[in-house]
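# An overview of the molecular structure
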Amino acid sequence: MSNPLLQLLVLAAIAVFLILRLRGVLGTRDGFESPRLPEEPVQRRRFDVIDGTAEAGDSDIADHAEPGSPAAKALAEMKRVEPDFAVGPFLSGAKSAYEMILMAFERGDLSEVRGFLAPPVAEAFESVIEDRKARNLTTEAQFLGTRETALAGAEFTPATGMAELSVRFVGEMIIATRDADGNVVEGDPKAARKQRDTWTFARRMGQDDPNWQLVATA
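Because the structure is predicted, anything quoted here is derived from the model rather than measured. (Residues numbered from 1 in each chain as written. Predicted model: local features only at pLDDT ≥ 70, side-chain atom pairs only at ≥ 80, totals over all residues. Heavy atoms only, no water.)

### Observations concerning the nonpolar core
Core analysis: the largest hydrophobic core is formed by 42 residues, its most contacted members being Leu-75, Met-78, Phe-85, Phe-90, Leu-117, Leu-165 and Phe-201. Those elements giving two or more residues to this core turn out to be helix H3 (70–81), helix H4 (87–107), helix H5 (119–134), strand E3 (138–157), strand E4 (162–178) and strand E6 (193–204). Top contributing element to this core by residue count: H4, with eleven residues. (Core = buried A, V, L, I, M, F, W, Y, C linked by side-chain atoms within 4.5 Å. Buried < 20%, exposed > 50% of the residue type's maximum accessible area, 1.4 Å probe, protein only. Helix = DSSP H or I, 4+ residues; strand = E, 2+ residues; numbered from the N terminus.)

### Some words on the pattern of salt bridges
Within this structure, the stated rule accounts for nine salt bridges. For the salt bridge of Arg-114 with Glu-126, the shortest nitrogen-to-oxygen distance reads 2.4 Å. Highlighted residues: Arg-114 in the loop between H4 and H5 and Glu-126 in helix H5, separated in sequence by twelve residues. A salt bridge links Glu-172 to Arg-147, with the nearest nitrogen and oxygen atoms 2.8 Å apart. Of the two residues, Glu-172 is situated in strand E4 and Arg-147 in strand E3; the sequence distance between them amounts to 25 residues. (Salt bridge = Lys/Arg side-chain N within 4 Å of Asp/Glu carboxyl O.)

### Points about the layout of surface pockets
When its volume is computed, the largest pocket comes out at roughly 200 Å³. Taken together, 13 residues make up the lining of the largest pocket; nearest its centre are Glu-106, Arg-132, Thr-139, Thr-177 and Glu-186. For the lining of the largest pocket, the elements supplying multiple residues, two or more each, are H4, H5, E4 and strand E5 (184–187). The biggest single contributor to the lining of the largest pocket is H5, with three residues. (1 Å grid on protein atoms, 1.4 Å probe; cavity = no way out; pocket = protein on both sides within 12 Å on 5 of 7 lines; lining within 4 Å. Points joined across faces, edges and corners; volume = space filled by probe spheres on them.)

### Things to note about the packing of H4 against H5
Orientation of H4 relative to H5, taken along the N-to-C sense of each, is 30 degrees, at an axis distance of 9 Å. Considering the angle they form, H4 stands roughly parallel to H5. Note on element contacts: H5 touches H4 through Phe-125, Val-128, Ile-129 and Arg-132, opposite Ile-101, Phe-105 and Glu-106. In the contact of H4 with H5, the residues fall into five nonpolar, no polar and two charged. (Axes fitted to C-alpha atoms, helices over the stretch in contact; angles between N-to-C directions. Parallel < 35°, antiparallel > 145°, perpendicular 65-115°, else oblique. Contact = heavy atoms within 4.5 Å. Nonpolar A, V, L, I, M, F, W, Y, C, P; charged D, E, K, R; others polar.)

### Focus on the side chain of Asp-197
Here Asp-197 shows up in strand E6. Of the side chains with opposite charge, Arg-193 comes closest to the buried, unpaired Asp-197, at an N-O distance of 8.2 Å. A distance of 3.3 Å separates the side chain of Asp-197 from the side chain of Gln-195, its partner in a polar contact. With residues up to four places along the chain from it excluded, the contact list for Asp-197 reads Tyr-98, Val-167, Arg-168, Phe-169 and Ala-218. (Lys, Arg positive; Asp, Glu negative; His and termini not counted. Polar contact = N/O pair within 3.5 Å; in protein donor to acceptor, adjacent residues only side chain to side chain.)

### A look at H4
Helix length check: H4, at 21 residues, gives a terminal C-alpha distance of 30 Å against a target of 30 Å (1.5 Å per residue), a fit within 8%. Buried within H4 are the following residues: Val-87, Phe-90, Leu-91, Ala-94, Ala-97, Tyr-98, Ile-101, Leu-102, Met-103, Ala-104, Phe-105 and Glu-106. (Expected span 1.5 Å × (residues − 1).)

### Section: unusual backbone geometry
With a phi close to 55 degrees, Asn-136 is a non-glycine residue in the positive phi region. If you trace the backbone, Asn-136 turns up in the loop between H5 and E3.

### Comments concerning the packing of aromatic side chains
Centre-to-centre distance and the angle between the planes together describe a pair of aromatic rings. Enumeration according to the criterion identifies nine aromatic pairs in this entry. Here the aromatic rings of Phe-85 and Trp-212 are separated by 6.1 Å at their centres, their planes lie at 45 degrees, and the arrangement is tilted. Here Trp-212 lies in the loop between E6 and strand E7 (213–217) and Phe-85 lies in the loop between H3 and H4, a separation of 127 residues in the sequence. A single burial state applies to Phe-85 and to Trp-212, both of which are buried. Centroid distance Trp-199 to Phe-201: 6.5 Å. Interplanar angle 55 degrees. Geometry classified as tilted. (Phe/Tyr/Trp six-rings, centres within 6.5 Å; stacked < 30°, edge-to-face > 60°.)

Structure below.
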């Protein structure tokens with residue numbers, strides 16, 4: 001057998017070997033194969049505020065106020081003045097403030113929370129605390145948790161930038177008031193009770209100070 005013919009047979013054998021290896025690794029395509037569809041562009045959600053009313057997509061407002069209601073319009077105006085304002089985080093902060101202020105009042109010491117109280121509210125709280133002291137009454141309180149925190153109302157005054165948000169709280173506490181002899185005159189030291197309050201917080205929007213103040217209780 002001549003050398004050229006031998007070389008041709010060797011090359012043919014190598015080619016067949018490579019084809020078989022590739023089929024084993026990649027497999028074969030038999031039958032119909034559906035074409036790939038081009039990927040659709042991602043649609044970005046837009047949260048626009050039109051005429052003071054938040055669009056339905058703005059869940060931060062729609063989750064807490066009826067769309068088109070006075071409260072929703074007031075919240076939209078607050079966001080217009082201060083875009084970083086959000087109802088959800090505000091309610092979380094209000095929930096923490098509720099427990100902190102309520103327990104400070106029951107303990108009879110407002111020193112740690114006075115900065116969160118408007119002067120009229122602080123004076124009213126102090127009046128009750130002083131009355132308890134004058135009658136030699138002491139209060140034992142244990143806060144068990146806040147069962148509900150919900151926006152109850154919102155108002156905004158564009159001329160002054162002042163915003164007021166009312167929040168409805170349902171808390172659970174154990175409270176007992178004792179006289180000078182240690183007798184329970186109000187409450188029950190062994191039974192929990194629900195505490196329902198509606199508090200109103202106020203702040204001038206667009207200011208550097210982010211703190212809200214409690215301006216009214218009910």
